Amino acid sequence: MKLNAQKDPEKIIWDQMRSPSANPISGSQTRTLPKLMIWLILLVSVSYVVYTLKLVSTSRACNDEPFTTNRHLSAISHNNSLPLIQNHTSLAIHRRENHEPRQETGLQHIVFGIAASAKLWEQRQNYIKIWYKPQEMRGIVWLDDKVKNQGREDSNLPPIKISSDTSRFSYTNKQGHRSAIRISRIVSETLRLGLKNVRWFVMGDDDTVFIAENLVRILRKYDHNQYYYIGSLSESHLQNIYFSYGMAYGGGGFAVSYPLAKALDKMQDRCIQRYPGLYGSDDRMQACMAELGVPLTKEVGFHQYDVYGNLFGLLAAHPVTPLVSLHHLDVVEPIFPNATRVQALRWLTVPMKLDSAGLMQQSICYDKSKRWTVSVSWGFAVQIFRGVFSPREIEMPSRTFLNWYRKADYTAYAFNTRPVSRNPCQKPFVFYLSKVKFDSSLNTTVSEYSRHYVPHPACKWKMADPDKIETIVVHKKPDPHLWDRVSSSNFVYFVTSTIKLVFDKSRKSNMGALWLCLCM
């Protein structure tokens, strides 16, 4: 009973808080809290004003960076304990000390490093003579050994130098050749020559042909003061798997910005020592780029051409980008029939001089009355197909070539392809470039394409037969600023100019047809 009579202690406390005697305590707390809040706000405000005044009075000039990493980077570059992986986004990339004037990148800002072999030099130097312009370009040919008449250098070729000894580097790949180490150091060795006013180093092989004007168009899109590693992949899916989809293939050529070349030079020898088992020079370059944290910037105009056979299908459906390079020219057939490889490439330079921006760019037209599809690869070839093909199909390369791995079929390409013809009647009639000139009165290029006669199967389709056509004449206005207006992000090639196609039933007859064709 006593337990029932006793009150719960918590209930007693609660009753006291509710009693009138508790009100004075609550009132005093209520009056004290606003005063504390006011003093706290005043204290924070005064501290903020004092800190701001101190910061303004001790601020640095705008060009003085309080958190610069210059000293830190230079210390790291000479430290043998350099980490294997660096995040390039954490490194401040500065302009070179000698500030260059704001000038568009031109050929004078590019230095070519050409990897060559003494055994093949007599033959392959002819490829370099096709594209290299000694008065406008700078470059070095790096050989593995001395060649005949090296003292009497050809004025149409770049200077020749012998690569430094690489015997101290380990090479353990049983399928490759240790010359890969020598070639991988060409960018660094070219940098050490101390050439002035260099923005880009461009690497290529002695069997690579560059379209220099288009190379400049590509490099102008990028800031040469930043780290850039620009190139493209192999046409073989298996090649890209075995090596890397993030690697620029050296035969097709790649470009390295000047600041990146300097960073590469400081660490490349140590980097090479870490990868003795790699196969070639380009995968060693990519391994060092990975350590520097620089990814590959892909530009599909660089062509490795890891294929065999006829390049016609690839060239006639060139991607919508400037044609920059051609490689493996000793492996594939001549790009024009009835000519040697060198003769065919020299012939390609004729339209190249008139309109390098439009070289190989594909246009697709239709003749509704005849039910023909016409594909124009400007400066190279024209095709006429019986039937109506969608642009989606015509822009795919036809399989006139074979995979780099002879046992692989068309599924081993790194891009979509189509058969040459699904039906014998769909086999295209091909016309190759035979003449080209510039009409100054009309400001138009006039290119003539002649029929390439090969057997065509009999066709019973009830439609017009292109077999009687011998010549196609294409009128096209040159547009050197075409790619300045094309965004690399949307890759659109529609332009205001048109292509006029004139079909002659014979060389002596009048005009057979006139078509207007938008560039696709």
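Structure's up top.
Here's a quick rundown of the structure. What you see is a predicted model; the values in this text were computed from it and never measured. (Residues numbered from 1 in each chain as written. Predicted model: local features only at pLDDT ≥ 70, side-chain atom pairs only at ≥ 80, totals over all residues. Heavy atoms only, no water.)

Points about the pattern of salt bridges
No. 1: Counted under the stated rule, the structure contains 15 salt bridges.
No. 2: When the shortest N-O distance is used, the salt bridge between arginine 185 and aspartate 269 registers 3.1 Å. Residue arginine 185 is located in the loop between α6 (179-184) and α7 (186-191), and its partner aspartate 269 is located in helix α10 (residues 258-273); the two are separated by 84 residues in the primary sequence.
No. 3: Judged by relative accessible area, which is 23%, aspartate 269 ranks as partly exposed.
No. 4: With its nearest N and O atoms 2.8 Å apart, the salt bridge here joins glutamate 299 to lysine 221. One end of the pair, glutamate 299, is in the loop between β8 (297-298) and β9 (307-309); the other, lysine 221, is in the loop between α8 (212-219) and β6 (229-231), with 78 residues separating them in the sequence.
No. 5: Look at the salt bridges and you will find they share partners, linking Arg124, Asp206, Asp207 and Asp330 into a network. (Salt bridge = Lys/Arg side-chain N within 4 Å of Asp/Glu carboxyl O. Helix = DSSP H or I, 4+ residues; strand = E, 2+ residues; numbered from the N terminus. Buried < 20%, exposed > 50% of the residue type's maximum accessible area, 1.4 Å probe, protein only.)

With respect to unusual backbone geometry
No. 1: One non-glycine residue, asparagine 197, lies in the positive phi region at around 55°.
No. 2: Mapping asparagine 197 onto the fold places it in the loop between α7 and β4 (200-205).
No. 3: In this structure, methionine 360 takes a positive phi of about 70° despite not being glycine.
No. 4: Position of methionine 360 relative to the elements: it lies in the loop between α13 (341-354) and β11 (362-367).

Concerning helix α11 (residues 281-292)
No. 1: If you check α11, its first and last C-alpha atoms are 17 Å apart, about what twelve residues at 1.5 Å a residue would give, namely 16 Å.
No. 2: Among the twelve residues in α11, ten count as buried, and that is most of the element.
No. 3: Here α11 has its buried residues at Ser281, Asp282, Asp283, Arg284, Met285, Ala287, Cys288, Met289, Glu291 and Leu292.
No. 4: The first or second residue beyond α11 is glycine 293, which carries a positive phi of 80°. (Expected span 1.5 Å × (residues − 1).)

Some details on the pairing of strand β12 (residues 372-377)
In summary, the side chains of a regular strand alternate between the two faces of the sheet.
No. 1: Extensive coverage of β12 is indicated by the burial of six of its six residues.
No. 2: One ladder, built from six bridges, connects β11 with β12; its direction is antiparallel. Residue pairing for β12: serine 363 is matched across the bridge by valine 376.
No. 3: Following β11, the chain reverses through four residues before pairing antiparallel with β12; arginine 371 in that reversal takes a positive phi of roughly 60°.
No. 4: Where β12 hands over to strand β13 (residues 381-386), the hairpin turn is made up of three residues, of which glycine 379 adopts a positive phi near 80°. (Pairing = 2+ DSSP bridges.)

Structural notes on the pairing of strand β1 (residues 110-115)
No. 1: By the criterion of burial, β1 is predominantly enclosed, with six of the six residues buried.
No. 2: Of the two faces of β1, the one holding Ile110, Phe112 and Ile114 and the one holding Val111, Gly113 and Ala115 are both buried throughout.
No. 3: Note: β1 against β4, six bridges, orientation parallel. Bridge pairing links valine 111 to phenylalanine 201 in β4.
No. 4: Pairing between β1 and strand β2 (residues 138-143): five bridges, direction parallel. Its bridge partner lying in β2, isoleucine 114 is registered against valine 141.

Regarding the sheet that holds β2
By way of backbone hydrogen bonds, the strands of a sheet pair with one another, either parallel or antiparallel.
No. 1: What the seven strands build is an open sheet, ordered β3-β2-β1-β4-β7-β6-β8; its pairing is mixed. Among the strands making up the open sheet, the edge pair consists of β3 (160-162) and β8.
No. 2: Bridge analysis of β4 against strand β7 (residues 254-257) gives four bridges, and the strand direction is antiparallel. Along β7, the bridge assignment pairs tryptophan 200 with serine 257.

Let's talk about the layout of surface pockets
No. 1: Volume-wise, the largest pocket comes out at about 1200 Å³.
No. 2: Forming the boundary of the largest pocket are 40 residues, of which Ser179, Ile183, Asp205, Tyr279 and Ser281 lie nearest the centre.
No. 3: Within the residue set of the lining of the largest pocket, elements represented by two or more residues are α6, β4 and α11.
No. 4: In terms of residue count, α6 provides more of the lining of the largest pocket than any other element does, four residues in total.
No. 5: Classifying every residue of the lining of the largest pocket gives 13 nonpolar, 16 polar and eleven charged. (1 Å grid on protein atoms, 1.4 Å probe; cavity = no way out; pocket = protein on both sides within 12 Å on 5 of 7 lines; lining within 4 Å. Points joined across faces, edges and corners; volume = space filled by probe spheres on them. Nonpolar A, V, L, I, M, F, W, Y, C, P; charged D, E, K, R; others polar.)

What to know about the state of the cysteines
No. 1: Tallied over the entire structure, the rule returns two disulfides.
No. 2: Linked covalently through their sulfurs, cysteine 271 and cysteine 288 form a disulfide whose S-S length is 2.1 Å. Taking the torsion about the sulfur-sulfur bond, which here is approximately -110°, the covalent link between cysteine 271 and cysteine 288 counts as left-handed. In this pair, cysteine 271 is assigned in helix α10 and cysteine 288 in helix α11, connecting sequence segments 17 residues apart.
No. 3: Between the sulfur of cysteine 425 and that of cysteine 459 lies a disulfide, 2.1 Å long from S to S. Of note, the bridge from cysteine 425 to cysteine 459 carries an S-S torsion of about 115° and is right-handed in sense. Remark: cysteine 459 occurs in the loop between β16 (444-451) and β17 (471-476) and cysteine 425 occurs in the loop between β14 (401-403) and β15 (429-439); sequence separation between them is 34 residues.
No. 4: A relative accessible area of 23% means that cysteine 459 is categorised as partly exposed. (Disulfide = S-S within 2.5 Å.)

Observations concerning empty space enclosed by the protein
No. 1: Counted by the stated rule, this structure contains five cavities of 30 Å³ or more.
No. 2: If you trace the largest cavity, you find it lined by Phe385, Phe389, Glu393, Arg418, Pro419, Val420, Ser421, Arg422 and Gln426.
No. 3: Here the lining of the largest cavity is composed, by residue class, of four nonpolar, two polar and three charged.

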